[in-house]
Amino acid sequence: MSACVPTRNDHSSRSSHPSRASGFKRPHSPPPPPHRGRFRVSGADLSASITVFLIAVPMSLGLAVAMDAPLAAGLVSAAIGGIVAGLLGGTPLQVSGPSAGLTVVTAELIQIYGWRTTCAITIGAGLLQILLGSLKAARSALAVSPAIVHGTLAGIGVAIALAQLHIVLGGAPQSTALDNALSLPSHLVRSAPASLSIGALTILLLVVWPRLPGRIGGSLGRIPAALAAVVIATAVATVATPGIARVDLPSWRAHALPELPQGPVAALATAVFTVMLVASLESLLAAVAVDKLAADRSTAASKDGATPPAPVKRSDLDRELRAQGVANAVSGLAGGLPVSGGAVRSSANVRAGAESRASTVLHGVWVLLAALLLVTALEWIPLAALAALVMVVGVQMVSFAHIRKVHRHREFLVYGATISGVILAGVLEGVAIGIVVAVAVALHRLARTRITVTEQDGRYLVAARGQLTFLAVPRLSRLLGRLPHGVDAVVELDGFFMDHAAYETIQDWYAAQTAMGGRIEFTGRSGGRIAEPASAAHSCCRPWTPWRNHHCHDRVQDAAPTTAVPASHIVSKATPPAAPENSPIRRHGAHRLLSGLSSFQRTTAPLVREELARLAAEGQRPSQLFLTCADSRLVTSMITASGPGDLFTVRNVGNLVPPPDTGGSTSNDDSVAAAIEYAVDVLEVESITICGHSGCGAMQALLGAAPETPKTPLWRWLRHGLPSLERMRSRHHSWARIAGRMPTDAVEQLCLTNVVQQLEHLRAHESVARRLASGTLQLHGMYFHVGEAQAYLLTEGASSGTGPDEVFARVAPGAVWGAEPGTEALQTAPGTTVGA
């Protein structure tokens, strides 16, 4: 009898059911992705592009003012960043434009080399970005400590705010942040009232506009605060201060293009590297932030019951880096500012509901049209309003959330050193200072190990706090050498690393003490003992195999999660046998559960969080229903090599499927039928597998049941296995067997027969029968031998005279389902064929 039950083998029958690739939308599936090669613009993308455009225009002009660059260059770089980086980038929802992080660097380059040479430096930085992106170096850039990155951006933000404050006060900024800070008191004394008033009004609107109360405030809040602040400040300046300094956009005929750089080669190379470094870090960090914002948006929509937006592909950082390089090269050639991905513009794009890169590209088109058609309107904008806008952007770059985070992780010293270096010395120098401080802090932590020895009632406690490296060996050896010979001691290790020198020191001391009759016990901080047999000393627990982690937890006797010293570093030469039933290990089930959960959160959760977030947003779409026994030794994800979202699993005692005619409200058997109906009709699985296993306790209970067995809940459930027992004892059915041998005993015979019988029960369910008739569902029988770790699949064998044999064929490594005879890895007995 075949376990693969498709009643129609022709392709026409299967084509009647829409496939996963056909675009048919299932109840639990996301909308089909847009067709490749087509640039489609949805209503959400169009609306988001307008929102981002309204933010980008005043910000681009403001950054150009802050850099003392031609104002048209800000619009050029915004248009090129939107169109070029939008079309080529690896982060569809990221919006690129003039780089706020490069404001100080670009202003300094313009002052030293002039505008046209700065454009050439921008081209060189773009070409270097393309090279690094082609070398797959984007991920390496994220290896820089976040404290250094956020400290660099915060330092740049402080420098921007100090420089723009002088313009708000009606003056001109100095060349360095330190000079701006020192000259600020004198500018405060002789500030221009008109500029100060317009700047203060702009800042007030930027702060208050998103927080307007009531229904009117909610309606006005849809207008970007940057646009509202600049428009209102412009209107007030037109009426109240007509003589205030305004934007001056020169004719496009006078637009300056790059020239060959002139100056010391080393200085120019440093400039190119600095522009590349800051622009790349800013773009890559913004790309990572956009991924998080998009995932949070989908999760929030799912929780609110709304239709989640179409899933956005995770960022390809190397592609994004190459696209930023192309955009910078084109921007430099066209006489524009350096380009990078912007957190402000990108977050606005995501929050406005953008679904694809179309919003980013369209925003660039609108900026280009504005630069060509709205020159007269843009020249009404006061410079003080733009300076105030950029000053607020600079202040926002000093994120208090980042400060709290680096403080919590004890990285504030690195953060503060980087900010100070950027403000006092420059961007590249500040980054170098931050790296030096970060390395010094890491070395200090690595070398800082506290070792204490205490005695109580003749028993010594040696506590080692921190990492045990060769730097700690002299002190460790000295303290251990002071302990008496043959001592009774506990060594408490609290750290996550032990190098070879420290390991040998402890191991030699341990061997010497035990040889003299001493009793040494190694524990973690919470007291969990660290010991394992030598055969497992070189085993490695991997976070993707929780069953192995559990095995290791057993061996190390529930070592505390906070104790990160690998158990294989300390090997007991007299490891006790398995713990008896009344041992503390058996009694501390709650601690074992907590330990396992903590291990998952520490090791596995970071690896699967992104995939689970995607599944949470998209819904489940399993291809198989896997019905198996509740036996704890049967790990379905392990034996099927499946992961989250692959299997819809139903487990019960004995892998039983109650026939539909035995259901009803009084039998309490509807749970299995409900799961089958949900899997077949709602999830539309493509196959159902019933899996039995060796040594099944349910089958043993059926074989050993006496007629007077009390009708307990367990027995009322096991009665659904009685047809399997009758089938095995009947002469009208051939015995199920494993390819190449007969079952070893009656229990294995019943385990095999039970799989065949439960498949018959499964076919009787209406939803299953309907899908089988249409040829869109397959049934499989499976047997797993626990002791051999070997899987067997039910096939259709040759007749033995009383009906078709039920043969379970061995699945060998490298099996390919449906392979040609002779190449398939289902090993069967002579004359046996594998069911299709």
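Predicted model, so just to flag it, every value in this text is computed and none were measured.

About the cut-offs
- Residues numbered from 1 in each chain as written.
- Predicted model: local features only at pLDDT ≥ 70, side-chain atom pairs only at ≥ 80, totals over all residues.
- Heavy atoms only, no water.
- Patch = residues over 30% accessible without salt bridge, like charges linked within 9 Å, V, L, I, M, F, W, Y side chains within 5 Å.
- Areas by Shrake-Rupley, 256 points an atom, 1.4 Å probe, with all protein chains shown as cover.
- Salt bridge = Lys/Arg side-chain N within 4 Å of Asp/Glu carboxyl O.
- Helix = DSSP H or I, 4+ residues; strand = E, 2+ residues; numbered from the N terminus.
- Phe/Tyr/Trp six-rings, centres within 6.5 Å; stacked < 30°, edge-to-face > 60°.
- Buried < 20%, exposed > 50% of the residue type's maximum accessible area, 1.4 Å probe, protein only.
- pLDDT = per-residue confidence, 0-100.
- Contact = heavy atoms within 4.5 Å.
- 1 Å grid on protein atoms, 1.4 Å probe; cavity = no way out; pocket = protein on both sides within 12 Å on 5 of 7 lines; lining within 4 Å.
- Points joined across faces, edges and corners; volume = space filled by probe spheres on them.
- Nonpolar A, V, L, I, M, F, W, Y, C, P; charged D, E, K, R; others polar.
- Core = buried A, V, L, I, M, F, W, Y, C linked by side-chain atoms within 4.5 Å.

Novice: Describe a nonpolar patch on the surface, naming the residues involved and giving the relevant values.
Specialist: Taken together, the side chains of Leu368, Leu369, Leu372, Leu373 and Leu374 make up a nonpolar region of the molecular surface, amounting to roughly 480 Å² of accessible area. Residue placement: Leu372 occurs in helix H15 (residues 358-373).

Novice: Could you give an account of the packing of aromatic side chains, naming the residues involved and the relevant values?
Specialist: By the definition in use, this model includes five aromatic pairs. On the numbers, 6.3 Å between centres and 65° between planes, the contact of Tyr783 with Phe808 is edge-to-face. Placement of Tyr783 in strand S11 (residues 778-785) and of Phe808 in strand S13 (residues 804-811) is noted, with a sequence separation of 25 residues between them. No difference in accessibility class separates Tyr783 from Phe808, as the two residues are buried. A connected cluster of aromatic rings, assembled from ring pairs, spans Tyr783, Tyr792 and Phe808.

Novice: Please set out the confidence of the model for the protein residue by residue, giving values where relevant.
Specialist: The pLDDT averaged across the protein works out to 78; a share of 80% of its residues lies at or above 70. Between residues 531-587, whose pLDDT stays under 50, and residues either more than four places distant or in other chains, the model counts 92 contacts. Segment residues 817-836 is flagged for pLDDT under 50; beyond a separation of four residues in sequence, or across chains, it makes 47 contacts in the model.

Novice: Requested: an account of the pattern of salt bridges, with residues and values cited.
Specialist: A complete count under the given rule lists 10 salt bridges for this structure. Where Glu760 meets Arg727, a salt bridge forms, and the shortest distance between an N and an O atom there is 3.0 Å. Note that Glu760 is positioned in helix H31 (residues 746-763) and Arg727 in helix H30 (residues 722-729), a separation of 33 residues in sequence. On the basis of relative accessibility, which here comes to 30%, the residue Glu760 falls in the partly exposed class. According to the relative accessible area criterion, Arg727 is buried, its value standing at 6%.

Novice: How would you explain the layout of surface pockets if you had to name every residue and give the values?
Specialist: Think of a ball as big as a water molecule: rolled over the atoms, this probe shows where empty space is left. The computed volume of the second largest pocket comes to approximately 920 Å³. Around the second largest pocket, the lining is made up of 41 residues, and of these Thr103, Val104, Ala107, Glu108 and Ser175 lie nearest the centre. Elements represented by at least two residues in the lining of the second largest pocket include exactly helix H2 (43-67), helix H4 (103-113), helix H7 (146-168), helix H8 (177-189), helix H12 (265-303), helix H19 (412-424) and helix H20 (427-447). Considering each element in turn, the lining of the second largest pocket owes the most residues, 10 residues, to H4. Tallied by class, the residues present in the lining of the second largest pocket amount to 28 nonpolar, 10 polar and three charged.

Novice: Please set out the nonpolar core residue by residue, giving values where relevant.
Specialist: With 67 residues, the main nonpolar core has Leu61, Ile121 and Val367 as its most contacted residues. Ranked by residue count, the leading element in this core is H2, at 11 residues. Once you skip the residues sitting within four places of it in the chain, Ile121 turns out to touch Leu109, Tyr113, Leu268, Ala271, Val272 and Val275. Counting residues in each nonpolar core, the second largest holds 43 residues, with Met728, Val747, Val756 and Phe808 among its members.

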